[in-house]
Amino acid sequence: MDNNLALFKTMLVIRRFEERLLAEFSAGKLAGTTHVSIGQEADAAGIFSVTDPEDVVFSNHRGHGHFLAYGGEPYRLAAELMGKATGVVGGRGGSQHIHWRNFYTNGIQGGIVPVATGMALAEKIKATGKIALVFIGDGTLGEGALYESLNMAALWKLPILFVLENNRFAQTTPVEKGVAGSMPGRFAAFGIPVWERDSTDVLEIQSAAGEAVGVVRSGGGPVSLIIHTHRFSAHSKGDDPRLPEELIRIRQFDPLIIHGARLSKNDREKAEADAISSIDEAFLRASADPLPGLTVEVPASDVGRSNLEI
Amino acid sequence: MPIVLERLNYALQHAMESDERVYLLGEDILDPYGGAFKVTRGLSTKFPKRVLTTPISEAAIVGMANGMALRGLRPVAEIMFGDFLTLTADQLVNHAAKFRWMYNDQVRVPVVVRAPMGGRRGYGPTHSQSLEKMFLGVPGLKVVVPNSLGDPAELLCAAIADDDPVLFIEHKLLYTCPMSVSREGELVDFQIEQTQGAYPAFTLRPANTPRLTIACYGYNFELVRSAALELMMEQEIFVEIVLFSQLSPFDLEPLFLSLERTGKLLTVEEGTRSLGWGAEVSAEAVERLAGIKVRRVAALDLPIANGKNLEDAILPGLQDIVTAALELAAR
Ligand SMILES: Cc1ncc(C[n+]2csc(CCOP(=O)(O)OP(=O)(O)O)c2C)c(N)n1
Ligand SMILES: [Mg+2]
């Protein structure tokens, strides 16, 4: 498929999926919490268009877009959000705790960064050629575990891309109240090269990500990619301190509009129809699926592959 | 006469020789220093690429070990002092312990985190604690403690071969203890039973009718058996000892069997008394066996002092165990 069209389709599926999700929440059909990436879709689409399917990805609480761009099925994700047995992790993890193939998420800010760094070390040791990617937000710059990881990733020249999605807010806290000094400076201090874009244009992000990933893959050690972006929706569901004018103003950065302008009307409409119908089908199918049962198993001293005889 | 330290060192070496997925990470673990307590001595010389000395970054040490474990390696992380496990709590509780279950059993996390614990070395409030109680009862995390009766090498190798995360607690005073098998004569008065499984519990049964059961783990077994000998020699009071290697999740069956014979339980631990291991073991025992009497010996609910006389007053000693046993026997 044509690159422009493929990127558009990925962003559109993420957008329509998350809009549907919010609608289901509002209708009381979904419970719990969720964080959508509406407005930030260009990051996921651009980055996963330049990675290898075998690369190892650790995403965070705002990870639906990453999962879908990675190649995850909308149906399995919808089922997971509904707590269904057919969900990505059988209804145990929900929105922010999923794992499929080489894709992992956890809802703990900062803690996923050393885990991803350890994954990069493992891939380096095994010489698989895979790289690791980890996603953080501006608010996560406040977590100490991040800096321990940057230090060790740089010391050991690990194949990892640190992706910082600066959507200018951490829940309700604006960056001015949460982040001192310089964002790139935080990586540069460890000798980690920085690619930085203030953009929601997926082509710009694709090219920056392509360069950054290329450096990591060629053994250049850790690299960071900082993308300054905009989140259009609330942090989770109702928590948005921004003024309505501001929410309207940032719509000018809508990645779908920016990139959609590069496509024919026909292509756009076709993509739209495809996205809507595939997501309809995903939610419909998932809602008919069974709920999981609870198996309580106490693994007292179940030693598995015990190949260490003594 | 082998000491516990040598068995632990041997276990690491053996594990690294038999499985190339085993890696060590920790602070100052390279030769010639070989780690603050020398458990890794010699290993960086033998396996220079697989012993990784780290910055002082406990959260990242365990976090990276978690990531390595998720991706097919078998990392063993050393935390220089168990007190610093607080810095790894997020990685142990919210990452290592969670991944398998929350990812619907699609992954395993074969990570081992080793940490020296315990006092009586004069290291003061932040280098002497027994914090393992904070990590008991975390679903998905095993807490295993070696002793001088079972083979610490077997125990550590089993932890490394385990597909789930294991927190391995080593008391600092245990390192220099000779293995019990080599201390001939000391245990002749007991018949020793051992449970099946990788992390066995031991029941030491005296020749005469026992008056109470003492439950303990790790280094405290050294104190408990001295107390048992003293009670036997000087008071003609016979006790059964139940010694655990796996604290969490726990299987108290051997303890219940013993309590059916004695009806009295004394728990001994070096952690603080309130809301601790002994409290939970006692509660389980009382729920299971109506009418038993229980008592706990543990540290006072205070930080551990640096000075020896204060530290001795705070931590439970041999005489505390003997006194508590006598009181319980008399009830
Ligand atoms: C350790 C930790 N602290 C707090 C939270 C609660 N929390 C969830 S998302 C969030 C804001 C994160 O902001 P940022 O890193 O900028 O990511 P964004 O939500 O903007 O994508 C907070 C505080 C958490 N999940 N984990
Ligand atoms: Mg943010």
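Residues numbered from 1 in each chain as written. Chains lettered and ligands numbered in written order. Predicted model: local features only at pLDDT ≥ 70, side-chain atom pairs only at ≥ 80, totals over all residues. Heavy atoms only, no water.

(A) Up close: the interface of chain B and chain A. In this complex, chain B contributes 53 residues to the contact, which on the side of chain A involves 50 residues. Carbon and sulfur atoms make up 62% of the surface buried where chain B meets chain A, a total of about 4,100 Å² over both sides. Summed over the three residues of chain B that lose the most area to chain A, namely Met64, Arg71 and Tyr103 of chain B, the buried surface amounts to 19% of that side. Summed over the shared surface of chain B and chain A, the number is 2 salt bridges. Between Arg71 of chain B and Glu123 of chain A there is a salt bridge, with the nearest N and O atoms lying 2.6 Å from each other. Where chain B packs against chain A, one counts 15 residue pairs in polar contact (both at pLDDT 80 or more). Those elements giving two or more residues to the side of chain B that touches chain A turn out to be helix 1 (4–18), strand 1 (22–26), strand 2 (51–53), helix 3 (58–70), helix 4 (89–102) and helix 5 (152–161) of chain B. Per-element accounting of the side of chain B that touches chain A gives the leading share, 9 residues, to helix 3 of chain B. For the side of chain B that touches chain A, the class distribution of residues is 25 nonpolar, 14 polar and 14 charged. (Contact = heavy atoms within 4.5 Å. Buried area = accessible area lost by both parts, 1.4 Å probe. Salt bridge = Lys/Arg side-chain N within 4 Å of Asp/Glu carboxyl O. Polar contact = N/O pair within 3.5 Å; in protein donor to acceptor, adjacent residues only side chain to side chain. Helix = DSSP H or I, 4+ residues; strand = E, 2+ residues; numbered from the N terminus. Nonpolar A, V, L, I, M, F, W, Y, C, P; charged D, E, K, R; others polar.)

(B) Looking closely at the sheet that holds strand 11 (residues 246–248) of chain B. Residue and element names in this part refer to chain B. In space, the 7 strands of this open sheet follow the order 2-1-3-4-6-5-11, with mixed pairing throughout. Every interior strand has two partners, whereas the edge strands, strand 2 and strand 11, have only one. Neighbour-to-neighbour, the strand axes of this sheet turn through a mean angle of 25°, independent of strand direction. Alignment of strand 3 (residues 74–78) against strand 4 (residues 112–117), held across 3 bridges, turns out to be parallel. The residue bridging Ala77 from the neighbouring strand is Val113, located in strand 4. Across the sheet, helix 5 touches strand 1, strand 3, strand 4, strand 5 (142–144) and strand 6 (166–171), and the angle it forms with strand 6 is around 160°. (Pairing = 2+ DSSP bridges. Axes fitted to C-alpha atoms, helices over the stretch in contact; angles between N-to-C directions.)

(C) Structural context of the pairing of strand 1 of chain B. Residues and elements named next belong to chain B. Most of strand 1 sits inside the fold, with 5 of its 5 residues counted as buried. Of the two faces of strand 1, both are covered, the one formed by Val22, Leu24 and Gly26 as well as the one formed by Tyr23 and Leu25. Pairing analysis gives 5 bridges linking strand 1 to strand 3, with the strands arranged parallel. Its bridge partner lying in strand 3, Leu24 is registered against Val76. The pairing of strand 1 with strand 2 spans 3 bridges and is parallel. In the strand pairing of strand 2, Leu24 is matched with Val51. (Buried < 20%, exposed > 50% of the residue type's maximum accessible area, 1.4 Å probe, protein only.)

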